[in-house]
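This is what each chain is made of:
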Amino acid sequence: MTHLPAGRDPAVGGLGHNAHVRRWALVITLLLAVAAPATASSLPLATRLANALAVRGNAPSASGAVAVDLLTGRTVFQRNPDAPLAPASNEKLAVTFAALRELGAGYRFRTEIFGRGFQDGAVWQGDLVLKGYGDPTLDGLQVDRLATQVAQLGITRVTGRVLADESWFDSTRTAPGWKTSFFINECPPLSALVVDRARYDGHVAPQPAVAAAGVLKQRLRAHGVTTGAVAVGRASESWLALAQVESEPLTDVLRDMDRESDNFEAEMLLKAIGAEVGSAGTTAAGVAIVLRDLASDGVPLAGVRMFDGSGLSLDDRITARALAALLLVAWNDDEPAGWKRQATSS
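Just so it is clear, the structure is predicted and the values come from calculations on it, not from any experiment. (Residues numbered from 1 in each chain as written. Predicted model: local features only at pLDDT ≥ 70, side-chain atom pairs only at ≥ 80, totals over all residues. Heavy atoms only, no water.)

> How do you make sense of the packing of helix 3 (residues 140-151) against helix 5 (residues 208-222) when you look at a structure like this?
For any two helices packed against each other, one specifies the inter-axial angle together with the distance between the axes. The N-to-C vectors of helix 3 and helix 5 enclose an angle of 50 degrees; their axes lie 9 Å apart at closest approach. Classified by the angle between their axes, helix 3 and helix 5 sit oblique to one another. The two elements helix 3 and helix 5 meet at a crossing, and its hand is right-handed. On helix 5, the residues that touch Gly140, Leu141, Val143, Asp144, Ala147 and Val150 of helix 3 are Val215, Leu216, Arg219 and Leu220. Residues belonging to the contact of helix 3 with helix 5 are distributed by class as follows: seven nonpolar, one polar and two charged. (Axes fitted to C-alpha atoms, helices over the stretch in contact; angles between N-to-C directions. Helix = DSSP H or I, 4+ residues; strand = E, 2+ residues; numbered from the N terminus. Parallel < 35°, antiparallel > 145°, perpendicular 65-115°, else oblique. Left-handed = near helix turned anticlockwise from the far one by under 90°. Contact = heavy atoms within 4.5 Å. Nonpolar A, V, L, I, M, F, W, Y, C, P; charged D, E, K, R; others polar.)

Below you can see the structure in the form of structure tokens.
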């Protein structure tokens with residue numbers, strides 16, 4: 001039985017976690033076998049569950065619970081199953097579900113360097129642009145690999161600038177319904193191009209794409225390639241692709257996100273869903289796809305409101321009935337790389 005006590009998300013950590021966020025309790029219980037040993041208790045199951053859900057200082061009306069027999073699918077206990085409650089990090093389960101459904105378990109985020117101009121011996125005549133596609137795990141080591149690929153082309157000097165392209169996503173750094181303090185403290189700034197979770201020169205950069213281009217400029221210099229200044233730009237389809245790196249498979253990213261309750265990764269994934277299969281790389285576009293997928297699998301959405309991917313939004317709501325249905329979808333998933341493994345291991 002999982003019980004989220006009122007007043008705190010269980011995923012507590014540093015930057016990018018739901019630390020110190022006040023939430024109502026939401027209880028979801030999935031039972032493989034409802035029959036308890038005869039020696040355990042003579043009380044009815046419903047009574048035992050109700051007693052187990054009693055939390056000092058938390059009124060029963062401030063929590064919801066659903067218990068399901070996984071062998072039959074029968075609901076054996078429920079309390080306030082349709083009450084809209086703050087989901088906290090349970091929101092990430094919906095993002096996990098949609099990410100696997102829409103992007104696939106083997107999906108990898110890519111980051112590329114494009115060149116505008118031409119190579120003349122050891123000189124690139126023109127600009128380089130670092131284009132991000134929303135990789136939440138992009139770090140300095142991967143940027144160094146990009147710089148290595150450029151140096152291996154025999155380039156030692158770039159006459160133009162190093163441009164940062166974050167156009168795969170919008171430029172909104174937070175999500176609707178967040179407290180002002182959540183920005184940076186709970187989640188780094190969102191962007192399609194972020195290196196090391198926007199940590200640059202000892203601080204979190206408010207303009208992560210520019211900081212990412214700065215990292216590339218440094219790594220190019222370390223590999224003997226001099227460049228011009230850093231600026232914001234946008235790659236054209238006609239520009240030449242010079243280098244590329246990819247993230248680990250989506251299943252690995254999701255495993256880390258769910259186990260660590262990583263707000264940043266959840267928000268980046270939500271925008272990636274919107275960019276890949278929705279109308280745009282925005283939070284709203286990602287939410288639309290997630291809700292569509294939940295509905296298509298029979299998850300009841302009455303009382304459900306979704307405004308971000310992490311559960312930080314004060315406007316988010318979910319019901320115990322909806323969450324139970326979502327977890328049942330996971331349980332019944334027979335795909336070898338399906339999301340049952342993600343949902344049941346987080």
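> Please clarify how the packing of helix 2 (residues 91-102) against helix 6 (residues 250-260) should be interpreted in this entry.
Put simply, helix 2 and helix 6 touch, their axes get as near as 11 Å, and they point 175 degrees apart. As far as their axial angle goes, helix 6 and helix 2 are roughly antiparallel. Here Lys92, Thr96, Ala99 and Leu100 of helix 2 lie close against helix 6, whose contacting residues are Leu250, Thr251, Leu254, Met257 and Asp258. A per-class count over the contact of helix 2 with helix 6 returns five nonpolar, two polar and two charged.

> How should I be thinking about the nonpolar core in this particular structure?
Nonpolar side chains in soluble globular proteins tend to be buried together. Ranked by internal contacts, the top residues of the largest apolar core, which has 48 residues, are Leu250, Leu269, Val290 and Leu326. Secondary structure elements with two or more residues in this core: helix 2, helix 6, helix 7 (263-277), helix 8 (283-296) and helix 9 (320-331). Listed in part, the 25 residues of the second largest apolar core include Ile113, Ala164, Ala212 and Val225. (Core = buried A, V, L, I, M, F, W, Y, C linked by side-chain atoms within 4.5 Å. Buried < 20%, exposed > 50% of the residue type's maximum accessible area, 1.4 Å probe, protein only.)

> Help me understand the environment of Thr148 in this model?
You can see Thr148 is positioned in helix 3. Remark: the alpha-carbon pair of Thr148 and Arg219, spanning 71 residues in sequence, is separated by 8.3 Å. One polar contact links Thr148 to His223, side chain to side chain, over a distance of 3.3 Å. (Polar contact = N/O pair within 3.5 Å; in protein donor to acceptor, adjacent residues only side chain to side chain.)

> Can you help me understand the environment of Arg157 in this one?
Relative to the elements of secondary structure, Arg157 occurs in strand 7 (residues 157-158). Each C-alpha atom, one on Arg157 and one on Thr227, is 6.0 Å from the other, the two residues being 70 residues apart in sequence. Those residues in contact with Arg157, other than ones at most four positions away along the chain, are Ala122, Val123, Trp124, Val225 and Thr226.

> How should the pairing of strand 4 (residues 75-79) be read in this particular structure?
For a regular strand, side-chain orientation follows a simple rule: the groups alternate between the two sheet faces. The pairing of strand 3 (residues 65-69) with strand 4 spans four bridges and is antiparallel. Bridging across to strand 4, Ala67 finds its partner in Phe77. In this structure, the hairpin formed by strand 3 and strand 4 is closed by a connection of five residues, where Gly73 is found at a positive phi of approximately 80 degrees. (Pairing = 2+ DSSP bridges.)

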